[in-house]
2 protein chains.
Amino acid sequence: MTAATEPARPRRSDATRAAILQAARDRFAAEGYERATIRAIAADARIDPSMVMRYYGNKEGLFAAAAEFDLRLPDLTAVPPGQLGEVLIRHFLDRWEGDETLAALLRAASTNPGAADRMRTIFADQITAAVAAFGTDPATAARRAGLVAAQTLGLAFTRYIVQLPPMVTMTPEELIAWVAPTLQRYLTGLPEN
Amino acid sequence: MTAATEPARPRRSDATRAAILQAARDRFAAEGYERATIRAIAADARIDPSMVMRYYGNKEGLFAAAAEFDLRLPDLTAVPPGQLGEVLIRHFLDRWEGDETLAALLRAASTNPGAADRMRTIFADQITAAVAAFGTDPATAARRAGLVAAQTLGLAFTRYIVQLPPMVTMTPEELIAWVAPTLQRYLTGLPEN
DNA sequence: ACCGTAGGCCAACGCCCGTTGACATTCCAG
DNA sequence: CTGGAATGTCAACGGGCGTTGGCCTACGGT
């Protein structure tokens, strides 16, 4: 061992790796898993396709690296219970406007089983954990999390993927005003209130 | 002309055409546009791939025929205004459980521009028309239709495509109980009610 | 009974894909 | 200064895809 346990020796190829990842995110987000080709990604990153294979193994490995995704949910226990809906939708919009990773994941999850699995894990686990954390009935926490995921993913799907005109036109603040009460009821309300 | 203007002479190939269309819907719904291959569809229909080309021109034409889709929205003017949300979500679930055309359209719209365009048209036009029909402010009708589309498509996406466990487990009646008030507010309520 | 024609199959084309292995270049530790 | 590892290029492979055109078959109107 040259240093300690070679903790963070910067490799010369880090720039290339990053360029590949950025190009991959762009392509996956814009075209989905199957239309985004390794050749096109490599061309965007100005390197040879074989480098992609060397660094990420295969196309699936590349996607796994490019679609690394964390909802970064805030601590909901610190939020006044009446504002949970607004805090959540505001967070999601903040998190997603300008980060195409979610678009990549959404497009890919529609056709790629592995990506769908990852999406299931992310949303089921992370949202359920956040919802369960502030003391709702654990039995209904999963259901509430599912409904929140359905509404937020529907928003993302119509705004970023299908680009339904009214959903694209609305400002984040307008969306928040409409959707916050929905999430609030899914989180703390009762069905058919 | 043998008959009148040859109105409905049944062709011998109608059965084949129908078999192709059914196989196409199955494959497009299960695998999306790019993974569903003409060869596999033809094999399912037990005919030669070239027949698909003869009858539908090319892959896009086949998809267009297979994804012919009508929301078949009921006449909302005949519904008591207070029950609009429930009627709508009940209709959608009825319409979609067991018809895979929507799944095909959803999967394809994620990656295929033509399919996305069709989805935009279907939801923007049909829902906007239905919403505008019962006398809401025309200026907000498009927005309300967009929000309804976002919620219902999010439900479909999480239940039929990603198959989030809680969204798959819930019965239609449970879903109706939760989602009906949401649609009701999107249709007749005010933001941040 | 005939024969045009619609229905169907087969073989092949050109293309692009993911992936591989051999080779060239650059870096840097000893 | 030098040799091995890291970085990168090049050319090719096998395979699957959409699509085409030629050929065979069997129906059905006359």
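In this report, the structure presented in the accompanying data block is examined. (Residues numbered from 1 in each chain as written. Chains lettered and ligands numbered in written order. Predicted model: local features only at pLDDT ≥ 70, side-chain atom pairs only at ≥ 80, totals over all residues. Heavy atoms only, no water.)

## Quick word on the packing of helix α8 (residues 138–161) of chain A against helix α8 (residues 138–161) of chain B
Two numbers describe how α8(A) lies on α8(B): the axes approach to 7 Å, and their chain directions differ by 110 degrees. As judged from the angle between their axes, α8(A) and α8(B) are roughly perpendicular. The way α8(A) lies across α8(B) gives a crossing that is right-handed. Along its contact with α8(A), which presents A:Ala149, A:Ala150, A:Gln151, A:Leu153, A:Gly154, A:Leu155, A:Phe157 and A:Thr158, the element α8(B) presents B:Ala149, B:Ala150, B:Gln151, B:Leu153, B:Gly154, B:Leu155, B:Phe157 and B:Thr158. A class-by-class count of the residues in the contact of α8(A) with α8(B) yields 10 nonpolar, 6 polar and no charged. (Axes fitted to C-alpha atoms, helices over the stretch in contact; angles between N-to-C directions. Helix = DSSP H or I, 4+ residues; strand = E, 2+ residues; numbered from the N terminus. Parallel < 35°, antiparallel > 145°, perpendicular 65-115°, else oblique. Left-handed = near helix turned anticlockwise from the far one by under 90°. Contact = heavy atoms within 4.5 Å. Nonpolar A, V, L, I, M, F, W, Y, C, P; charged D, E, K, R; others polar.)

## Some remarks on α8(A)
An α-helix turns once per 3.6 residues; consequently, residues spaced three or four apart project the same way. All names here are of chain A. With 24 residues, α8 extends 33 Å from end C-alpha to end C-alpha; this agrees with the ideal 34 Å at 1.5 Å per step. A large share of α8 lies buried, amounting to 20 of its 24 residues. Backbone geometry just after α8 places Gln163 at a positive phi near 55 degrees. (Expected span 1.5 Å × (residues − 1). Buried < 20%, exposed > 50% of the residue type's maximum accessible area, 1.4 Å probe, protein only.)

## Thoughts on the interface of chain A and chain B
Facing 53 residues of chain A, the contacting portion of chain B comprises 53 residues. A combined buried area of about 4200 Å² lies between chain A and chain B, and 68% of that area is made up of carbon and sulfur atoms. The tally of links between chain A and chain B comes to 4 salt bridges. For the salt bridge of A:Arg143 with B:Glu174, the shortest nitrogen-to-oxygen distance reads 3.2 Å. Remark: the boundary between chain A and chain B carries 17 residue pairs in polar contact (both at pLDDT 80 or more). Listing elements by their share of the side of chain A that touches chain B, those giving two or more residues are α1 (14–35), α6 (101–109), α7 (113–133), α8, α9 (165–169) and α10 (172–188) of chain A. By residue number, the principal contributor to the side of chain A that touches chain B is α8(A), which donates 14 residues. Split into classes, the residues belonging to the side of chain A that touches chain B amount to 31 nonpolar, 12 polar and 10 charged. (Buried area = accessible area lost by both parts, 1.4 Å probe. Salt bridge = Lys/Arg side-chain N within 4 Å of Asp/Glu carboxyl O. Polar contact = N/O pair within 3.5 Å; in protein donor to acceptor, adjacent residues only side chain to side chain.)

In short, geometric facts, not functional conclusions.
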